[in-house]
Amino acid sequence: MQKIKSLMARQGLKSPQESMSDLSPVENLRIPSKEELRELREQPIDPQAEQEMIESIAEVYYSCDSFDMVKHELEKLPPELDLQELEDHRDTLKKQQAAVSKKVADLILEKQPAYVKELERVTALQTNLQLAAVICTNARRQLGVSKEGFTEASLGLLANQRKRQLLTGLLKSLRTIKTLQRTDVRLSEMLEEEDYPGAIQLCLECQKAASTFKHYSCISELNSKLQDTLEQIEEQLDVALSKTCKHFDVSHYTKVQLAYTLLGKTQTAMDQLHMHFTQAIHNTVFQVVLGYVELCAGNADTKFQKMQYKDLCTHITPDSYIPCLTDLCKALWEVMLSYHSTMQWHEELDNKEGPATQDGGASAGADESVVDRSYVKKKLEHGLTRIWQDVQLKVKAYILGTDMSNFKYDDFIVVLDVISRLMQVGEEFCGSRSEVLQESIKRQSVNYFRNYHRARLEELRMFLENETWELCPVKSNFSIAQLHEFKFMGQCHSPSLSPSRQAGTGAAGGDLSLFQQFLLEGNPFEMHIENKEEETEDVLASNGYESDELEKNVFQDYDSDSDVPEELKQDYVDEQTGDAPLKSVSRETMRSHKKSDYSLNKGTAPILTNTTLNVIRLLGKYMQMMNILKPIAFDVIHCVSQLFDYYLYAVYTFFGRNDMYESSGLGLISSRLRTTLNRIQENLIDMESSGESAGVHGQVEDRKEKVPTPHLSQLVVLTKSGTLYGLAQRVVATESLVFLAEQFDSLQAHLDSMMPAVKKPFLQQFYSQTVSTASELRKPIYWIVAAKAIDYEQMLLMMSGVKWDIREIMSQHNVYVDILLKEFEQFNAQLGDVSRQVRIPLAVSNVLWEHCIRLANRTLVEGYANVKKCSNEGRALMQLDFQQFLMKLERLTDLRPIPDKEFVETYIKAYYLTENDMEQFIKNHREYSMKQLANLVNVCLGSHINKKARQKLLSAIDDIDRPKR
């Protein structure tokens, strides 16, 4: 209660009794008794009303402790007092006082348990203090007794013992400090031994020990020295880390990583490692290129060392280009192999520590280790692309630094092969498509190939103009796969792989990647040289002939290229041995049992010339380039098509061009072939320049892609009847073209696989409109021979002397038939003579016989159309002559059916037609000329056609002819 009273005193509150005593005497008279107050308390009061009553008290009552409420109330009184208002105001104040009193009483009752509890604690504290006072009194009394009982000597012993203990501890500390002072020698030895983890462990232990004795002044200097030593260790550790970029050593790298782990800088080490790899790539390529540049420069000029790498690449000479590129790729391979080995080391570490971390629980150290490994893994994975990008940029600068347009083909193929191998390395390294390398090598390839193809076209023109169209002696089993230019097709089962890739894969065995094959030793960029040495071919016949029997039947004095300049023969030299094959000579062949096939047998060697072989070799080279570098596949195939186009156009120009085609009416040149020839002439042939002025006009922009028209060699004579107007040369030329087309057909699937999908229609169009027309050239070329081999004019002249208006049926045919058959027999004999020089395939002999028979039959119809008068018996004689001709002709040739047989028979039988049938005949048979139809009508006049009908029929003929005019 005392506490409550003091609290009330501090708050300026007074007890109800004191408050009542402070009231004025007048108010005391009005104070209710205790019973009234009890009644007031006992009266039920609404808590909300009570709260509102308290809140209605003016704020001035709460202002301060010195507030005089009586004075305040008196000052509030108005000048004129109203008793009723005063009583109401007093009642209000009493109610407010009662509410406050009740509120205070409620609060006291509410805090009563806490008060009792605190009072108990105070009592317990009082008891403890009394006990402490007793203990202190006892202690003081016992200290007094001890002071009197101990002597000064006893205290001296205790002091000496304490001093001894202190000195013993000091001695231990001094010995430890002496050991710390000598650790720098051991640290140096460990660094020389490259024991970085041990050195760091020792240094960290020394630092920990030094922190224990840091209260000694000498230790602060030692601590600073240890810190410097630790920094020196980190520097040497960084140098050791950089060494792993070029030559990865497992034990060395393990020590370095363990050292960084002890330092707690695993992530920092990985950042440093990537920086070192980037620096290693730059330094490596710079030193390789610088070495070759200085070697080629031949002087000690130091200006090259100050050059940028890109500028340095422009000083590489063509002779040193490939060795430098190879060494460059070898050096970069070592860097990428080190990075690959680094990733393998960390993967193996993850596989070892992963399960251990899971078993070890979720400690803080384990969590930190997992974070470090995760960071290292992501960093290494991201670094793959970055490293490869740096490699690509360095090689790109080297590739574009030299103009390779004048490189030899084999050298350029080596460059493509090396870059292709490098792109394979990139694909296995990080799965990259090497767009940077592809774009740079594509630029060089397009530039090189454009110049190379232009030179090859000019070379082809030179070959064609010096070609004597004699057989090139190849073996009977000759195949383009035997040429070393096509060896890559046998080696690569997929067009995306280069020869060296397949050879390397096959040699190493199985599906091992390059990094697995050359992990321990070797280099993938050393293989193309070995492959080149294995390329040999054997396609030429022994001494130019298949056997000794054939050799005996050869005209030994025939020399096909005796007048050809030596430089033209260089392409024929075998690339591997350096020996030139024997000159192409004609050889005598044995006649087959089959009369229409003037060849030794069906299995004889193909017909081709040196120029054909040269084109096939070029095709192989072009395909090899496509195979290595697919992005320029379309450009190369376009150039391949130009080679074939030019060869086809040359054969046509030399042997097939003749103004008599149109007048023959035989449809010798199909619309497709004519369209193809016109396209070639428009797109490829430079009609304005001759061979002499080609160099001058070739500089003109709009004509630089075209080639002058080739001219037939003067050694080739096509006007002699004894040789059937150069039939042997025509056969060799035409059949070599057909053979070339067959080779193109056999390669179509391979070419199609290398073509981009959007460009495949071009290839299909080339095959359907150009390659397939090669055999169609047979008709116009051999037609010229057929037109001149037999004297059709003599036959017409002899037919004009025969009388056809006879009145009796003859049993003997006319003489002109025998003369014509003799012409055919002579033609057959000449074919046999030609076949001794060159094999005449069945298709060729069929075309020749077809042309001759067709021309003979048309000559017969023309002779019959020249007849002025003819009787029924004369018409029967015509049939007899024609049947005699057919009977004898069928003994000379196996060609069936006889061409244009119906053409002659129908014309002869038309003589017997009536007027109406004749009119229908004229409308239906447009294959006959107007002259032949008119003669038919005129001859029939008088026999069974009158003049009126004749006029009608002639008008019908004229109506047919009018649209043509």
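Residues numbered from 1 in each chain as written. Predicted model: local features only at pLDDT ≥ 70, side-chain atom pairs only at ≥ 80, totals over all residues. Heavy atoms only, no water.

- An unreviewed UniProt entry annotates the protein chain as VPS50 subunit of EARP/GARPII complex of Gadus morhua.

1. Details of the overall build of the protein chain
Stage number 1. Helix and strand counts for the protein chain come out as 40 helices and 2 strands.
Stage number 2. Buried positions account for 43% of the 965 residues belonging to the protein chain.
Stage number 3. For the protein chain, the proportion of contacts with a sequence separation of at least 24, taken over those separated by at least 6, is 80%.
Stage number 4. Of the roughly 52,400 Å² of accessible surface on the protein chain, a fraction of 52% belongs to carbon and sulfur atoms. (Helix = DSSP H or I, 4+ residues; strand = E, 2+ residues; numbered from the N terminus. Buried < 20%, exposed > 50% of the residue type's maximum accessible area, 1.4 Å probe, protein only. Contact = heavy atoms within 4.5 Å. Areas by Shrake-Rupley, 256 points an atom, 1.4 Å probe, with all protein chains shown as cover.)

2. Re the environment of Gly874
Stage number 1. Topologically, Gly874 is positioned in helix 36 (residues 872-892).
Stage number 2. Separated by 71 residues in the primary sequence, Gly874 and Lys803 have C-alpha atoms spaced 7.7 Å apart.
Stage number 3. Not counting residues within four places of it along the chain, the set of residues in contact with Gly874 comprises Trp804 and Ile806.

3. A few points about unusual backbone geometry
Stage number 1. A cis amide bond links Arg896 with the next residue in sequence, Pro897, at an omega value of -10°.
Stage number 2. By the secondary structure assignment, Pro897 is in the loop between helix 36 and helix 37 (901-909).
Stage number 3. A positive phi is found at Leu724, a non-glycine position, where the angle reads about 55°.
Stage number 4. With respect to the element layout, Leu724 can be found in the loop between strand 2 (707-708) and helix 29 (727-746).
Stage number 5. For Asp900, which is not glycine, the phi torsion reads 60° and is therefore positive.

4. Quick notes on the pattern of salt bridges
Stage number 1. Tallied over the entire structure, the rule returns 22 salt bridges.
Stage number 2. Here Lys76 ties to Glu73 by a salt bridge, and the two come within 4.0 Å at their closest N and O atoms. Residue Lys76 and its partner Glu73 are located together in helix 6 (residues 69-76), separated by 3 residues, close to a single helical turn.
Stage number 3. The class of Lys76 is partly exposed, set by a relative accessible area of 46%.
Stage number 4. For Arg858, the salt bridge is made with Asp900, and the minimal N-O distance between the two is 3.1 Å. Separated by 42 residues along the polypeptide, Arg858 in helix 35 (residues 842-865) and Asp900 in the loop between helix 36 and helix 37 bring together distant segments of the chain.
Stage number 5. Given the relative accessible area of 13%, Asp900 is considered buried. (Salt bridge = Lys/Arg side-chain N within 4 Å of Asp/Glu carboxyl O.)

5. What about helix 27 (residues 671-683)?
Stage number 1. Counted at 1.5 Å a residue, the expected span for helix 27 with its 13 residues is 18 Å, and the 18 Å between its end C-alpha atoms agrees.
Stage number 2. Leu673, Thr676, Leu677 and Ile680 are the residues of helix 27 that are buried. Each buried residue of helix 27 lies within a common arc of 95° when the element is viewed along its axis, so the set occupies one face. Facing away from the buried side of helix 27 by over 90 degrees, the exposed positions are Ser671 and Glu682.
Stage number 3. On the buried face of helix 27, the contacting elements are helix 25 (633-656), strand 1 (685-686) and helix 31 (760-769). (Expected span 1.5 Å × (residues − 1). Arc of directions from axis to C-beta.)

6. Quick notes on the packing of helix 25 against helix 27
Stage number 1. Where helix 25 contacts helix 27, the axes come no closer than 10 Å and their chain directions differ by 110°. On the basis of the axis angle, helix 25 is roughly perpendicular to helix 27. Helix 25 and helix 27 meet at a crossing whose hand is left-handed. Taking contact as the criterion, the partners of Asp645, Leu648, Tyr649 and Tyr652 in helix 25 are, on helix 27, Leu677, Arg679, Ile680 and Gln681.
Stage number 2. Residues that form the contact of helix 25 with helix 27 fall into these classes: 5 nonpolar, 1 polar and 2 charged. (Axes fitted to C-alpha atoms, helices over the stretch in contact; angles between N-to-C directions. Parallel < 35°, antiparallel > 145°, perpendicular 65-115°, else oblique. Left-handed = near helix turned anticlockwise from the far one by under 90°. Nonpolar A, V, L, I, M, F, W, Y, C, P; charged D, E, K, R; others polar.)

7. Thoughts on the nonpolar core
Stage number 1. By size, the foremost hydrophobic cluster in this structure holds 230 residues, and its most contacted members are Phe824 and Phe885.
Stage number 2. The dominant element in this core, judged by the number of residues it contributes, is helix 25, at 16 residues.
Stage number 3. Filtering out sequence-adjacent residues up to four positions away, Phe885 remains in contact with Val817, Leu820, Leu821, Phe824, Ala856, Asn857 and Leu860. (Core = buried A, V, L, I, M, F, W, Y, C linked by side-chain atoms within 4.5 Å.)

8. Considerations on the confidence of the model for the protein chain
Stage number 1. Per-residue pLDDT for the protein chain averages 78, and the proportion of residues at 70 or more is 77%.
Stage number 2. When pLDDT is averaged over each element of the protein chain, helix 29 comes out on top at 93 and helix 22 (residues 548-552) at the bottom at 39.
Stage number 3. Counted against residues more than four places away or in other chains, residues 493-510, with its pLDDT under 50, gives 40 contacts.
Stage number 4. The model gives residues 528-535 a pLDDT under 50, and that stretch makes 12 contacts with residues more than four places away or in other chains. (pLDDT = per-residue confidence, 0-100.)

9. Considerations on a nonpolar patch on the surface
Stage number 1. Residues Met69, Val70, Leu74, Leu77 and Leu81 make up a contiguous nonpolar surface patch of about 450 Å² in total accessible area.
Stage number 2. Inspection of the secondary structure assignment puts Leu74 in helix 6. (Patch = residues over 30% accessible without salt bridge, like charges linked within 9 Å, V, L, I, M, F, W, Y side chains within 5 Å.)

10. Overview of the packing of aromatic side chains
Stage number 1. Applying the stated rule across the entire model yields 31 aromatic pairs.
Stage number 2. Both rings, one in Tyr61 and one in Phe67, keep their centres 5.5 Å apart while their planes meet at 80°; by these two values the pair is edge-to-face.
Stage number 3. A residue is classified by how much of its surface remains accessible, and Phe67, at 19% relative accessible area, is buried.
Stage number 4. Where Phe478 meets Phe739, the ring centres are 6.1 Å apart and the plane angle is 40°; that geometry is what we call tilted. On the criterion of sequence distance, the pair formed by Phe478 in the loop between helix 17 (435-466) and helix 18 (487-491) and Phe739 in helix 29 is long-range, its members being 261 residues apart. Per residue, the accessibility class of Phe478 equals that of Phe739, and both read buried.
Stage number 5. Among the aromatic residues, those joined into a ring-pair cluster are Tyr409, Phe412, Tyr448, Phe449, Tyr452 and Tyr622.
Stage number 6. Its guanidinium or amino end placed over the ring of Tyr452, Arg456 lies 4.5 Å from that ring's centre, counting from NZ or CZ.
Stage number 7. Sitting above the plane of the Phe903 ring, Arg858 keeps its charged end 4.5 Å from the centroid. (Phe/Tyr/Trp six-rings, centres within 6.5 Å; stacked < 30°, edge-to-face > 60°. Lys NZ or Arg CZ within 6 Å of the ring centre and 35° of its normal.)

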